[in-house]
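Spelled out, the chains give:
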Amino acid sequence: MQLQAETKHTEHSEFVSFTVASQAFCLKITQIREIRRWQPVTVLPHAPADVLGVMNLRGAVIPIYDLSARFGLEQAEASERNVVIVVSVHDKPVGLLAESVSEIISIDPEDIQETPQVDSRNTMDFIQGIISQNDEMVRIINLNAVIASTEQVAL
Amino acid sequence: MKTKVLAIDDSRTIRNLLAACLEEAGFEYHSAVDGREGVDLYPDLAPDVVITDINMPNLDGFGVIEELRGDGINSKVPILVLTTESSADLKARARSAGATGWITKPFDDDSLIFALKRVTGAVA
Amino acid sequence: MTGSIMDTFFEECEELLEAMDAGLAAIEEGDQDAETVNAVFRAVHSIKGGAGAFGLDDLVAFAHNFETVFDDVRSNKLQLDEKLVQLLFRASDHLSDLVTCARDGGEVDQAHHDVLISALGEYIDDDEEELVFEPMGVGAAFDPAPLPSLAEAKEATFDIRFHPLKEMFDTGNEPYFLFQALSDLGELTVRLDDSELPGYDAMEDGESYLSWELTLVTSENRSAIEAVFEFVEGLCELSISSEGEEEADADALAALNAAFGLPPVEEESAVALPLEQPVPDAVETPAPVDAVAEVEVTPVPEVESEKVAIKAAGSKKESTKSSGPKPTLRVELDRVDRLINAVGELIINHSMLAQQIANLDVSDTRDVETELEGFKNLARDIQEGVMAIRAQPVKPLFQRMARIVREASAATGKTAKLITIGETTEVDKTVIERLADPLTHILRNAVDHGIESPEARAAAGKEKGGEITLTAAHRSGSVCIEVKDDGAGLNRKKIRQIAIDKGLIPENAELNDSEIDNLLFLPGFSTAKEISNLSGRGVGMDVVKNAVTALGGRVNISSNPGQGSVFSIILPLTLAVMDGMVVSVAGHTMVVPITAIVETMRGNDDMINNLGADGTLLSIRGSFVPICDVAGSLGLRSNTGDEPAGVYLLVETENGDRCALAVDDIHDQRQVVIKSLDGVCGNVPGVSAATILGDGKIAMILDPESIVTASSSAAVFDTDRRMSNAIAS
């Protein structure tokens, strides 16, 4: 999939939005390495529920995390329709399972709202802000928080 | 034509420093890791000037001078000796072996270029 | 640029320090060969030389003292006795510390520094103690950039008379170049004086007949002019004068010649020759090129003979070539690693290709298979070649360990000597790097806890000094590193008690000797009763175990009371490829290292015997071996009633215990590329790494040892579970 940023004229940043358990999330386009169709992964023994396993990405072994489990949302069996968003965390590729990719959106940083206080610690930590897009709420994922905490669990 | 320098030193650091300075100044830089290699390289390379360390494995700096000046090669190429301390004794020995001049380590770029200039006339 | 040169300097320092230690070790062994001594001297000398270039004054100063002492050894002024050798060792260690400080920042132990300086000072004569870095002679004061200064300086006119002695030409000095250098200082006028030139018949070969009179108008001072003639001091008659300076000149010249042991230049010969004499071919600066043509009359450059000599030397070249060290090439590690990855891909690519050809509906694939076999062999050759690039001898690592033992001995007041065997054994670079810490720990431990005090040793009828032997060897596809001491051996009673006190084992646990010994590797075990500043340091042997396990290796300990202990570390030879058996476990494809498997078998119900509630034993030719269900141990079998299909891999652990790993099926045996799970996920119990199979899927490489110990009923060895509990709590 080609995801090339248009030449920037304003300070707008481009984000890729996608759905996880029917909720809209997004990541900065620069954080994303590539998007791949879901293929069965190799299970890691004794792995926590949100670690689906490992996948072969051009000869590299990369871990795949289930975002829905990470966010405490309802988990569904992954299928061919789902996608793996490959992101770079501390220079290492990591795959995130999402339902589907929606679109590329251009966001003016001023439009980003702080996450309102809700009674879910996990959500608060993993979401760094929200934006409104076509009357829908899109959650901006705090990638470092998601992966750092996942790694700790995996240890 | 660039002036061709053959630097003989067993210390990679010194060779790197010489290379950096000489190449920047526009010299053609060649190096050898000990006296033996330096003397072996000499005939085919035919450098315009030789810079040699004194204390080296296989063949030391005096040996280099003796072989280059000796009957085998019988060269009049300018030879500059690298010395760590400036000891008059060492210089006298190098000179009687046939060294053209000396460079005292640690050297700076200017004094190195100045020494080369005095024995080759070359600015680069 | 300077940064990278400095990096090289520190790299080179590492090598030089190693060479120095090797040399000192040889000297200690009694090898006082001139070349050995010289090699150490050169190493120190090179460190000093490089350090000087970067202005690392502390390093230069210390290296200088060290070097001075060594120079006296070299010239037989000093005798190398035991005391001096030990001092040199300590100085070498300190030099290494100084290098580290210069590289990473930080402070050296100043008190230690001073002690060593003064200890070295005792060997140094007073008159050689001073470190003179300034060039001597007239060149001393010269401005290294003798270019006309831009600032308005007062110009003066210098009259220079220059007559080269014939010796000057033997040194390769050329008047022309000197004049050219002079012309940089200002406006130079050159007049050739050939009045001394005799008739052609009277000319003698090698004699110098020409003189030059030069006039230089410059704003530079006198010393700048003298600096130009620095190399020919004593090889020429030189007078430099400007108005009112003649007398001073003569004095300076006399002093200068005296310094080189030459007779004072007679006043008369230094005086300018009559100028009215016609001077043919007098040349004006700049670029007095013709002066060279003129010089050809003098017997200076012997171009002809030089050419002949070159030919002669050219043939000599071949014969001398072999005497030097093997040529080497320095390559960035990144490049090698890229190559290793690519070769790994190639091997995976081969198995994918083989699988796809097997899937083709073609009747005769023999030709293709032959070629494919060739492909496989080539890939293996390349792989071995590439891994060999990363392989390095363990020697430098072992040399560092010698220092550890020295320091540990000094700190504990014990006498211990390190003997190294198999220094040339080559091991992957990463292994060497990561072994340094565990080995350090084991060796400190050996000195601290293993070797007894000299009195205790004497009482036990042993030599006063302890011996620690560090061995490296290749053993059937593995590298074995062994640390053996001749100390008291492990105190099993004490170890057992500590383990009970710390709640690591139940009080009534029945353990054999080997099991007790291996309690040392449990996390949380530390013989804290003897807090020492050496092997204490808050880490236990479990750190050693973790480091070795991370490399895919094993560590084991055995001990004989009164005779000492042996730590063995067994590591895979290469970190990249291994031979594995591909098996199915609860629907997952997995790989078991061939090296761990003793035999494979298909079992039937008759061979299975129940023991207790859920223990099962497999009877093999009359002996009983516990069965370990791999799927169960990995948590992959949801349903306990779902028994494995009865295929067993008989494996043997480091302790010699046998266990039958139950799997669903065995597919084939093949070479697999090891992909580390480091940084991919945390430690996965039962799994050592992953690999990529022919179909592109990832398979886990199992770690039979940890599967066996994890399922073992002896809770003592369940370290992984204990660790996860520790993290959870």
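Conventions used here
The numbers attached to residues start from 1 for each chain and follow its sequence in the written order. Whichever chain is written first becomes A and whichever ligand is written first becomes 1, with later ones labelled in order. Since the coordinates come from a predicted model, pLDDT governs what is reported: local features require at least 70, and pairs of side-chain atoms require 80 or more to be given and counted, while whole-chain, interface and lining totals use all residues. Each side-chain value is derived from all of the structure's non-hydrogen atoms; neither hydrogens nor water enter the calculation. The secondary structure listing takes helices from DSSP runs of H or I that are at least 4 residues long and strands from runs of E that are at least 2 residues long, numbered from the N terminus. Under the scheme applied here, a residue whose accessible area is under 20% of the maximum for its type counts as buried, over 50% as exposed, and between as partly exposed, the area being computed with a 1.4 Å probe on protein chains only. By definition, residues are in contact when any of their heavy atoms lie within 4.5 Å. Defined in terms of a 1.4 Å probe, buried area is the accessible area two parts forfeit on being brought together, summed over both. Any carboxyl oxygen of Asp or Glu within 4 Å of a side-chain nitrogen of Lys or Arg constitutes a salt bridge here. Polar contacts, as counted here, are pairs of nitrogen or oxygen atoms within 3.5 Å of one another; within protein the pair requires one atom able to donate a hydrogen and one able to accept it, and residues that are adjacent in sequence qualify only if both atoms are side-chain atoms. Side-chain classes are defined by residue name, with Ala, Val, Leu, Ile, Met, Phe, Trp, Tyr, Cys and Pro counting as nonpolar, Asp, Glu, Lys and Arg as charged, and the others, Gly among them, as polar. All axes are obtained by fitting lines to C-alpha atoms, using only the stretch in contact for helices, and the reported angles, taken between N-to-C directions, cover 0 to 180 degrees. Each angle is binned into one of four classes, with values under 35 degrees roughly parallel, values over 145 roughly antiparallel, values of 65 to 115 roughly perpendicular, and all other values oblique. The handedness criterion is simple: a crossing whose near helix is rotated anticlockwise from the far helix by less than a right angle is left-handed, and one whose near helix is rotated clockwise is right-handed. UniProt positions are given in the numbering used here, feature names are shortened, and annotations may be inferred rather than shown by experiment. For Phe, Tyr and Trp, where Trp contributes only its six-membered ring, two rings pair if their centres lie within 6.5 Å, and the inter-plane angle classes them as stacked under 30 degrees, edge-to-face over 60, or tilted in between. What makes two strands pair is DSSP finding at least two bridges between them. Known as pLDDT, the predictor's confidence for each residue is given on a scale from 0 to 100. For patches, a residue must show more than 30% relative accessible area and have no salt bridge; joins then use 9 Å for like charges and 5 Å for nonpolar side chains, namely Val, Leu, Ile, Met, Phe, Trp and Tyr. Note that accessible areas follow from Shrake-Rupley with a 1.4 Å probe, and for residues the cover is restricted to the protein chains shown. Think of it this way: Lys and Arg go in the positive column, Asp and Glu in the negative one, and His and the chain ends go nowhere. Here the site of a charge means atom NZ of a Lys, CZ of an Arg, CG of an Asp or CD of a Glu. To estimate how far a helix should extend, the number of its residues minus one is multiplied by 1.5 Å.

An unreviewed UniProt entry annotates chain B as Two-component system response regulator of Parasedimentitalea denitrificans.

As annotated in an unreviewed UniProt entry, chain A carries the name Chemotaxis protein CheW and is attributed to Parasedimentitalea denitrificans.

*Asks:* Got a sec to walk through the overall build of chain B? Specific residues and values, please.
*Replies:* When you go through chain B residue by residue, the secondary structure sums to 5 helices and 5 strands. In chain B, the succession of α and β elements from N to C terminus is β-α-β-α-β-α-β-α-β-α. Counting only residues that meet the buried cut, chain B has 67% of its 124 residues in that class. Restricting the contact set of chain B to residue pairs at least 6 apart, pairs at least 24 apart contribute 62%.

*Asks:* A description of the overall build of chain A should follow, citing residues and the corresponding values.
*Replies:* The helix and strand inventory of chain A stands at 3 helices and 10 strands. Order of helices (α) and strands (β) in chain A, N terminus to C terminus: β-β-β-β-β-α-β-β-β-α-β-β-α. Residue burial in chain A is summarised as follows: out of 155 residues, 46% are buried. The long-range share in chain A, meaning contacts at least 24 apart out of those at least 6 apart in sequence, stands at 55%.

*Asks:* Residues and numbers for the interface of chain C and chain A, please.
*Replies:* Listed as interface residues are 24 residues of chain C and, on the opposing side, 19 residues of chain A. Overall, the association of chain C and chain A removes approximately 1,700 Å² of surface from exposure, summing both partners, and the carbon and sulfur fraction of that is 68%. Between chain C and chain A we count 0 salt bridges in total. Where chain C meets chain A, there are 2 residue pairs in polar contact (both at pLDDT 80 or more). Breaking the side of chain C that touches chain A down by element, the ones donating at least two residues are strand 21 (687-692) and strand 22 (698-702) of chain C. For the side of chain C that touches chain A, the residue count by class is 14 nonpolar, 7 polar and 3 charged.

*Asks:* Let's hear about the packing of helix 1 (residues 12-24) of chain B against helix 5 (residues 109-120) of chain B: which residues, and what values?
*Replies:* All names here are of chain B. At a minimum axis separation of 10 Å, helix 1 and helix 5 run at an interaxial angle of 70°. By the angle class used here, helix 1 and helix 5 are roughly perpendicular. Here helix 1 runs over helix 5; the crossing is right-handed. On the side of helix 1, the interface is formed by L18, C21 and L22, while helix 5 contributes D109, L112, I113 and L116.

*Asks:* How would you summarise the environment of S31 of chain B if you had to cite specific residues and measurements?
*Replies:* Residues and elements named next belong to chain B. With respect to the helices and strands, S31 occurs in strand 2 (residues 28-32). We classify S31 as partly exposed; its relative accessible area is 30%. For the pair formed by S31 and T52, sequence separation is 21 residues and the distance between their alpha carbons is 9.6 Å. Sequence-distant contacts of S31, that is, excluding residues within four places in its chain, are made with L6, A7, R15, E37 and L41.

*Asks:* Can you lay out the UniProt feature "modified residue: 4-aspartylphosphate" (unreviewed entry) in chain B for me, pointing to particular residues and giving the numbers?
*Replies:* Residues and elements named next belong to chain B. With numbering aligned to this structure, UniProt lists the feature "modified residue: 4-aspartylphosphate" (unreviewed entry) at D53. Of note, D53 is situated in strand 3 (residues 49-53). Residue contacts for D53: discarding those within four places in its chain leaves I8, D9, D10, G61, L82 and K105.

*Asks:* Mind laying out the packing of helix 5 of chain B against helix 7 (residues 175-183) of chain C, listing which residues take part and the relevant values?
*Replies:* Helices that pack against each other are described as a pair by the angle of their axes relative to one another and the distance between those axes. In the contact formed by helix 5 of chain B and helix 7 of chain C, the axes pass within 6 Å of each other and the chain directions differ by 135°. When the interaxial angle is binned, helix 5 of chain B and helix 7 of chain C end up oblique. Within the contact between the two elements, helix 5 of chain B uses K117, R118, V119 and T120 of chain B and helix 7 of chain C uses F177, L178, Q180 and A181 of chain C. Residue classes in the contact of helix 5 of chain B with helix 7 of chain C are distributed as 4 nonpolar, 2 polar and 2 charged.

*Asks:* Explain the packing of aromatic side chains to me, and be specific about the residues and the numbers.
*Replies:* By convention here, two paired aromatic rings are described through the distance between centres and the angle between planes. Evaluation of the coordinates by the stated rule reveals 13 aromatic pairs over all chains. Pairing F71 of chain A with F126 of chain A gives two aromatic rings, centres 5.8 Å apart and planes at 45°, and the pair type is tilted. Placement of the pair is F71 of chain A in the loop between helix 1 (67-70) and strand 6 (83-89) and F126 of chain A in helix 2 (residues 121-126), with a sequence separation of 55 residues. Residue class for F126 of chain A comes out buried when judged on its relative accessible area of 4%. On the basis of an interplanar angle of 40° and a centroid distance of 5.3 Å, the ring pair of F162 of chain C and F229 of chain C is categorised as tilted. Residue F162 of chain C is located in strand 1 (residues 156-164), and its partner F229 of chain C is located in the loop between helix 8 (222-228) and strand 4 (236-241); the two are separated by 67 residues in the primary sequence. Judged by its relative accessible area of 0%, F162 of chain C is buried.

*Asks:* Before we move on, could you go through the sheet that holds strand 14 (residues 597-602) of chain C and cite the residues and values that matter?
*Replies:* Residue and element names in this part refer to chain C. The mixed open sheet is built from 6 strands, whose spatial order is 14-18-19-17-16-15. Of all the strands in the sheet, just strand 14 and strand 15 (608-611) have a single pairing partner and so form its edges. The mean inter-strand angle of the sheet, taken between neighbouring strand axes irrespective of direction, is 35°. Across 4 bridges, strand 15 lies against strand 16 (residues 615-620) in antiparallel orientation. By the bridge assignment, I608 is partnered in strand 16 with L618.

*Asks:* Help me get a handle on the confidence of the model for chain A, residues and values and all.
*Replies:* Residue and element names in this part refer to chain A. With 83% of its residues at a pLDDT of at least 70, chain A reaches an overall mean of 81. Below a pLDDT of 50 lies the segment residues 1-9, which in the model reaches 8 contacts outside its immediate sequence neighbourhood of four places, other chains included. Predicted confidence for residues 150-155 stays below pLDDT 50, and this span has 13 contacts to residues more than four positions away or in other chains.

*Asks:* Would you mind going over the sheet that holds strand 10 (residues 136-141) of chain A in detail, with residue names and values included?
*Replies:* Residues and elements named next belong to chain A. Read across the open sheet, the 5 strands follow the order 8-1-2-10-9; overall the sheet is mixed. Of all the strands in the sheet, just strand 8 (100-107) and strand 9 (127-133) have a single pairing partner and so form its edges. In this sheet, neighbouring strand axes are inclined to one another by 35° on average, regardless of whether the strands run parallel or antiparallel. Relative to strand 10, strand 2 (residues 23-28) runs parallel, the two sharing 2 bridges. From the neighbouring strand, C26 faces strand 10, where its bridge partner is I140.

*Asks:* Describe helix 3 (residues 61-69) of chain B, and please don't skip the residues or the numbers.
*Replies:* For helix 3 of chain B, a buried count of 7 out of 9 residues is recorded, marking the element as mostly surrounded by other parts of the structure. Turning to helix 3 of chain B, its buried residues number three or more, namely G61, F62, G63, V64, I65, L68 and R69 of chain B. Those residues of helix 3 of chain B that are buried lie in contact with strand 1 (4-8), helix 2 (35-45), strand 3, strand 4 (79-83) and helix 4 (88-97) of chain B together with helix 6 (166-170) of chain C. Capping the start of helix 3 of chain B is the job of one residue whose side-chain oxygen sits 3.2 Å from the backbone nitrogen of F62 of chain B: D60 of chain B.

*Asks:* Summarise a negative patch on the surface; cite the residues concerned and give the values.
*Replies:* A surface patch of like charges, here negative, comprises E24, D108, D109 and D110 of chain B. On the secondary structure map, D110 of chain B appears in helix 5.

*Asks:* For unusual backbone geometry, give the residues involved together with the corresponding values.
*Replies:* One can expect most non-glycine residues to show negative phi and most peptide bonds to be in trans. All names here are of chain A. The residue A21 is not glycine, and still its phi comes out positive at about 50°. As for its placement among the helices and strands, A21 is situated in the loop between strand 1 (13-20) and strand 2. Classification of A21 by relative accessible area gives partly exposed; the value is 25%.

*Asks:* I'd like to hear about helix 1 of chain B, residue by residue, with values.
*Replies:* Residues and elements named next belong to chain B. Compared with an ideal rise of 1.5 Å per residue, which puts 13 residues at 18 Å, helix 1 spans 18 Å between its outermost C-alpha atoms and is within 8% of the ideal. Along helix 1, 10 of the 13 residues are buried, which leaves the element largely enclosed by surrounding structure. For helix 1, the set of buried residues is R12, T13, I14, R15, L17, L18, A19, A20, C21 and L22. G26, located one to two residues past helix 1, shows a positive phi value of around 95°.

*Asks:* Hey, could you go over the pattern of salt bridges for me, with residue numbers and the actual values?
*Replies:* For side chains of opposite charge, pairing can occur when their charged atoms come near one another. Residues and elements named next belong to chain C. All told, the structure shown has 32 salt bridges over all chains when counted by the stated rule. When the shortest N-O distance is used, the salt bridge between R390 and D428 registers 2.9 Å. On the criterion of sequence distance, the pair formed by R390 in helix 14 (residues 366-390) and D428 in strand 7 (residues 426-428) is long-range, its members being 38 residues apart. R390 gets classed as buried once you look at its relative accessible area, which sits at 7%. Classification of D428 by relative accessible area gives buried; the value is 3%. One salt bridge in this structure joins E452 and R457, with 2.8 Å as the shortest N-O distance. Pair check on accessibility: E452 and R457 agree, each one buried. Connected via shared salt-bridge partners are D93, D97, R403, R406 and E407.

*Asks:* Pulling in residues and values, what's your account of the confidence of the model for chain B?
*Replies:* Residues and elements named next belong to chain B. Across chain B, the average pLDDT comes to 83, with 95% of residues at or above 70. Strand 1 holds the highest mean pLDDT among the elements of chain B, 91, whereas helix 4 holds the lowest, 78. Interface confidence for the predicted complex, expressed as ipTM, amounts to 0.82; the pTM equals 0.46.

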